[in-house]
Amino acid sequence: MTASASTFSTLRTMGRATLRWLIGGWRIVLFGMLVLSLALSPATYQRDNRHAIAYQIVLGTTANLIWFSVLSALASLILIRIVVVTALSYGLSKYALEMVVRVLVLELIPLTAALFVALRRTLPDGVELAEMRARGELEDLQRQGIDPIRREFFPRAVAGVFSVLMLAAVSCVLSLILAYLSIYGFTHWALAGYTRVVGQIFNPAVSMIFLLKTLFFSLAVSLIPMASSLYDTRSTQLHSRSKAANELAAMVRLFFVILLIEIASLMGNYY
């Protein structure tokens, strides 16, 4: 009886956890549809809302762009050097550039850009919005006739998407420039061969997978923390243990979705 009761309790706990994950995923989809509808609504781009959107984009991008560009440049130089030296030691120098572009530009930079924005911007934004809800500030906006989702949630979601795309684009270009300088030096004679190799790597299929992966990364990073702060913390109190559990669940869900996107992109590129 004890073993049966323990098994039943374990299965019930697993069932409840699975149900919570499914409900959380469905809420993320609903929030994504809500954000899409707001993006297509002209009322979203009224003067006050435009100011809020522009403020969040500038705040979320400018502070992160410099730091991420510097860190990605340093990491790129180290990784490029390791790949080039390793390729030379094995007599595979002609494959060094392709290895650098595939590992660094196709895989690492979009992933690190998404994680950087999540840890630096969107997850703290989700916590801030949850605290605003707990303090009653969102209800105050509603009483003033202001839609809190359009004024507070939507600008932060758009800023998160824009930040990931901007950081990934700038860092990819910077890494391609550093790769050329590290391998060929300050000369323009190798530019034709370099662009040919990069163009062969970025064929239409790989380019589409790269763009979709970066876009899905930006959507996951932006929507999951916002959806969690909108739905999961509605009935929790400020600084409560359940609120901390909801925040941790949002972080785990975000990293799980990012991992699934990365696995799907790897399968699309190499299988």
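Look a little higher up for the structure.
Residues numbered from 1 in each chain as written. Predicted model: local features only at pLDDT ≥ 70, side-chain atom pairs only at ≥ 80, totals over all residues. Heavy atoms only, no water.

On a plain count of helices and strands, the protein chain comes out with eight helices and zero strands. In the protein chain, the order of α-helices and β-strands from amino to carboxyl end is α-α-α-α-α-α-α-α. Seen through its C-alpha atoms, the protein chain measures out along the principal axes to roughly 65 × 65 × 30 Å. Per-residue burial for the protein chain yields a buried fraction of 41% across its 271 residues. Across the protein chain, every contact between residues at least 6 apart in sequence was considered, and the portion connecting residues at least 24 apart equals 82%. Looking at the protein chain as shown, the accessible area adds up to about 15,200 Å², and 70% of this sits on carbon and sulfur atoms. The averaged location of the 14 negative side-chain charges in the protein chain is 5 Å from the averaged location of its 23 positive side-chain charges. (Helix = DSSP H or I, 4+ residues; strand = E, 2+ residues; numbered from the N terminus. Buried < 20%, exposed > 50% of the residue type's maximum accessible area, 1.4 Å probe, protein only. Contact = heavy atoms within 4.5 Å. Areas by Shrake-Rupley, 256 points an atom, 1.4 Å probe, with all protein chains shown as cover. Lys, Arg positive; Asp, Glu negative; His and termini not counted. Charge placed at Lys NZ, Arg CZ, Asp CG, Glu CD.)

For the rest of this paragraph, the subject is the packing of aromatic side chains. Applying the stated criterion across every chain yields a total of six aromatic pairs. A ring pair is formed by phenylalanine 31 and phenylalanine 153, whose centres lie 6.3 Å apart and whose planes are at 70 degrees; its orientation type is edge-to-face. With phenylalanine 31 in helix α1 (residues 2-39) and phenylalanine 153 in helix α5 (residues 148-184), this residue pair connects regions lying 122 residues apart in the sequence. Ring geometry for phenylalanine 68 and phenylalanine 116: centres 5.2 Å apart, planes at 50 degrees, overall tilted. Of this pair, phenylalanine 68 sits in helix α2 (residues 47-89) while phenylalanine 116 sits in helix α3 (residues 96-135), and the two are 48 residues apart along the sequence. Residue phenylalanine 68 is classed as buried on the basis of its relative accessible area, which comes to 5%. (Phe/Tyr/Trp six-rings, centres within 6.5 Å; stacked < 30°, edge-to-face > 60°.)

Turning our eyes to something else, we now look at the nonpolar core. If you look at the biggest cluster of nonpolar residues, it comprises 36 residues, and the most contacted ones within it are Phe31, Phe153, Leu167, Val221, Met226 and Leu254. Excluding residues that lie within four positions of it along the chain, phenylalanine 153 makes contacts with Phe31, Leu129, Arg133, Leu138, Pro148, Met226, Ser229 and Leu230. Core analysis: the next-biggest nonpolar cluster, separate from the first, contains 23 residues, Val83, Ala87, Ile109 and Tyr194 among them. (Core = buried A, V, L, I, M, F, W, Y, C linked by side-chain atoms within 4.5 Å.)

This part is about the packing of α3 against α5. Direction vectors running N to C along α3 and α5 enclose 155 degrees, while the axes themselves pass 9 Å from each other. Taken as axis vectors, α3 and α5 run roughly antiparallel relative to one another. Of the two possible hands of crossing, α3 and α5 adopt the one that is right-handed. Its residues assigned to classes, the contact of α3 with α5 comprises 21 nonpolar, five polar and five charged. (Axes fitted to C-alpha atoms, helices over the stretch in contact; angles between N-to-C directions. Parallel < 35°, antiparallel > 145°, perpendicular 65-115°, else oblique. Left-handed = near helix turned anticlockwise from the far one by under 90°. Nonpolar A, V, L, I, M, F, W, Y, C, P; charged D, E, K, R; others polar.)

Turning next to α2. With 43 residues, α2 ought to run about 63 Å at 1.5 Å a step, and its terminal C-alpha atoms sit 60 Å apart, in line with that. Largest kink in α2: about 35 degrees, centred on leucine 65. Phi turns positive, to about 70 degrees, at glycine 91, one or two residues after α2. (Expected span 1.5 Å × (residues − 1). Bend = angle between axes of the 7 residues up to and from the residue.)

Looking now at the pattern of salt bridges. Considering all chains together, one arrives at eleven salt bridges under this definition. The shortest N-O distance in the salt bridge between arginine 102 and glutamate 98 comes to 3.2 Å. Of this pair, arginine 102 and glutamate 98 both sit in helix α3, separated by four residues, roughly a single helical turn. Here the salt bridges share partners, and the residues they tie into one network are Arg121, Asp125, Glu128, Glu152 and Arg156. (Salt bridge = Lys/Arg side-chain N within 4 Å of Asp/Glu carboxyl O.)

The next thing to look at is the environment of glutamate 107. Within the secondary structure layout, glutamate 107 lies in helix α3. Residue classification places glutamate 107 among the buried positions, given a relative accessible area of 9%. Sequence-distant contacts of glutamate 107, that is, excluding residues within four places in its chain, are made with Arg102, Lys213, Glu262, Ser265, Leu266, Asn269 and Tyr270. Only 3.1 Å separates the side chain of glutamate 107 from the side chain of lysine 213, close enough to count as a polar contact. (Polar contact = N/O pair within 3.5 Å; in protein donor to acceptor, adjacent residues only side chain to side chain.)

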